[in-house]
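Tertiary structure, described
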Amino acid sequence: MLSAGSLALLTTMTLNVAFAAEKCPEKAQQINDSNSLLLLGGTVKGPVKQVVVGEFGKDVDQQKRIISEFDRCGGLARADVTFDKHEGDVMLKMVQNIVRVATGWESVYDLSVFVIKEGQPIEVNRKQGIINYQLGKQGTIASSSDVFLLQGEKGFTETINTYDSDQRLIKSVARGSDGRANGEYSYHWNRKNQLVSSNSDTSKMTWTYDQKDRELRLLTLTHNNYSDLTSSDECQLWDDHDNCTLSYSHEIEVFATVILLTPHHACRQG
C-alpha cells in the first residue's frame, strides 16, 4: 500500500434529553462497545454524531464517512456509511444504511469494485445484501444473517458471536457461501473493559493505553498472499471523552523483494 497521509474528523453532540425514570441496562457501556464492534467496526466514547476518515498519498485517494444517531443509553439508532477508495487502477465504492428494528438491527449495503481501463471505470465485482443482526437476551448481538447477491448469484453468510460474563465480545465466527467473508475473530479486553487486541487468520490489532486510560497506540499486523504490512498509530491529542483526535502513523510493507516505509498522520477533531 502506498499512502502518505490520512485525515479523520469526529463530531460529537450533547444529548439534551430528559432522562426517563427507568435506568439504562446494566453494563450498558460493555454492551454498546460489543455491538459497535460488529455494526461499525470500532468503539468510541461519548455521543459521536459523525466520523470522517480519509487517506491520501502518491497513488491513493480514500474517504469513509459515518453519520450516526444514538439513543440516550448510547445504543446505535441508525447509521449511514459511505466508503470510496481509488488506488492505482482500482476503485471501490460502498454504501451502507443501518437502522434499529424490533429484533436488533438491519443493514442494507451495496459494494462495487471497478478497474480503470482507457480512462473509464469497468465494474468487475458487485455485492449487494441485507444483514439482519439478532439480539440475545442480554442486549448483545447473538447472531447475524447476510443474504446477498454476488455477481448476480445468491449467497448467504451466518455469523455466531460469543461473549464473556461481562457482555464483552470475545469471538465471532462467520460461515457461508462467500469464502472471503468466512473466518473467526477473537477479542480480548482488560480489567477496565478496554479492548486490547483483535485477532483473525490474516490480521492482528493491539491497543495500548496511557496512565489516564486514553488510547495511546494501535499496532496492526496484516498478512495476505502478496505481503506483510505493519502499521503503528501513535495518538497525540484527545477530545473531552478521551477519543484520539490526532495520531501519527508509520507503515512497513514487506513484499517478496521490496520493503516500503511509509510515515503518515491522522487528524481527528471532536
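All figures in this text were calculated on a predicted structure; none of them were measured in a lab.

**Digging into the state of the cysteines**
Under the definition given, this model contains two disulfides. Linked covalently through their sulfurs, C24 and C73 form a disulfide whose S-S length is 2.1 Å. Across the S-S bond linking C24 and C73, the dihedral sits near -85°, which makes this disulfide left-handed. On the criterion of sequence distance, the pair formed by C24 in the loop between β1 (5-12) and α1 (28-39) and C73 in the loop between β3 (60-70) and β4 (76-87) is long-range, its members being 49 residues apart. Two residues share a disulfide in this structure: C235 and C244, whose sulfurs sit 2.4 Å from each other.

**Some remarks on the side chain of T220**
Note on placement: T220 falls in strand β14 (residues 215-223). Residues within four places of T220 in sequence aside, it is in contact with K204, M205, L229, T230 and S231.

**Let's talk about the confidence of the model for the protein**
Chain-level pLDDT for the protein is 84 on average; 81% of the residues reach the 70-or-more range. Every residue in residues 1-9 scores below 50 in pLDDT, and together they form 54 contacts with partners more than four places removed in sequence or on other chains. Long-range and interchain partners of residues 11-21, a stretch whose pLDDT sits below 50, account for 17 contacts in this model, where long-range means more than four residues apart.

**Some words on unusual backbone geometry**
The backbone phi angle of E118 is positive, close to 55°, even though this residue is not glycine. Relative to the helices and strands, E118 resides in the loop between β6 (104-117) and β7 (120-135). You will see that Q167, though not glycine, has its phi angle at about 65°, which is positive. Within the element layout of this structure, Q167 appears in the loop between β9 (153-163) and β10 (169-176).

**Observations regarding the packing of aromatic side chains**
Applying the stated criterion to the full structure yields zero aromatic pairs. The ring centre of W105 lies 4.4 Å from the NZ or CZ of R100, which sits over that ring. Above the plane of the ring of W238 lies R214, whose end atom (NZ or CZ) is 3.7 Å from the centre.

**A short note on the pattern of salt bridges**
Inspection of the entire model under this criterion finds eleven salt bridges. Among the salt bridges present, the one from D110 reaches R126, with a minimum N-O distance of 2.6 Å. Separated by 16 residues along the polypeptide, D110 in strand β6 and R126 in strand β7 bring together distant segments of the chain. By relative accessible area, R126 is classed as partly exposed at 31%. Salt bridges linked by common partners bring K27, D164, D166 and R168 together as one network.

**A word on the nonpolar core**
Formed by 25 residues in total, the largest nonpolar core has its most connected members in L39, L76, W105 and I141. Listed by contribution, the elements that provide at least two residues to this core are α1, β3, β4, β5 (90-101), β6, β7, β8 (141-150) and β11 (183-189). Take this core: its biggest share by element is four residues, from β4. Once residues within four sequence positions are removed from consideration, L39 is found in contact with L76, I98, W105, Y133 and I141.

**Notes on the environment of W238**
Here W238 lies in strand β15 (residues 228-238). What makes W238 partly exposed here is its relative accessible area of 22%. Look past the residues within four positions of W238 in its chain and what remains in contact with it is D210, R214, E215, N243, C244 and T245.

Conventions adopted
- What you see as residue numbers is a count from 1 along each chain, following the sequence as written.
- Residues qualify for local features only when their pLDDT is at least 70, as the model is predicted, and side-chain atom pairs are given and counted only at 80 or more; totals for whole chains, interfaces and linings, by contrast, use all residues.
- The basis for every side-chain value is the complete set of heavy atoms in the structure, and neither hydrogens nor water enter the calculation.
- Here, a disulfide means two cysteine sulfur atoms that sit within 2.5 Å of each other.
- Helical segments are the DSSP runs of H or I of at least four residues, strand segments are the runs of E of at least two, and each set is numbered from the N terminus.
- When checking whether two residues touch, look at their non-hydrogen atoms; a contact exists if any pair is within 4.5 Å.
- The predictor's confidence in any single residue is recorded as pLDDT, a number from 0 to 100.
- Each Phe, Tyr or Trp ring (for Trp, its six-membered ring) is paired with any other whose centre lies within 6.5 Å, and the angle between the two planes then decides the class: stacked below 30 degrees, edge-to-face above 60, tilted in between.
- In this scheme, Lys NZ or Arg CZ marks a charge over a ring once it lies within 6 Å of the ring centre and within 35 degrees of the ring normal.
- For this document, the term salt bridge refers to a Lys or Arg side-chain nitrogen within 4 Å of an Asp or Glu carboxyl oxygen.
- Burial classes: relative accessible area under 20% of the type maximum marks a residue as buried, over 50% as exposed, and values in between as partly exposed (1.4 Å probe, protein chains only).
- Residues belong to one nonpolar core when they are buried, are Ala, Val, Leu, Ile, Met, Phe, Trp, Tyr or Cys, and are joined through side-chain atoms within 4.5 Å.

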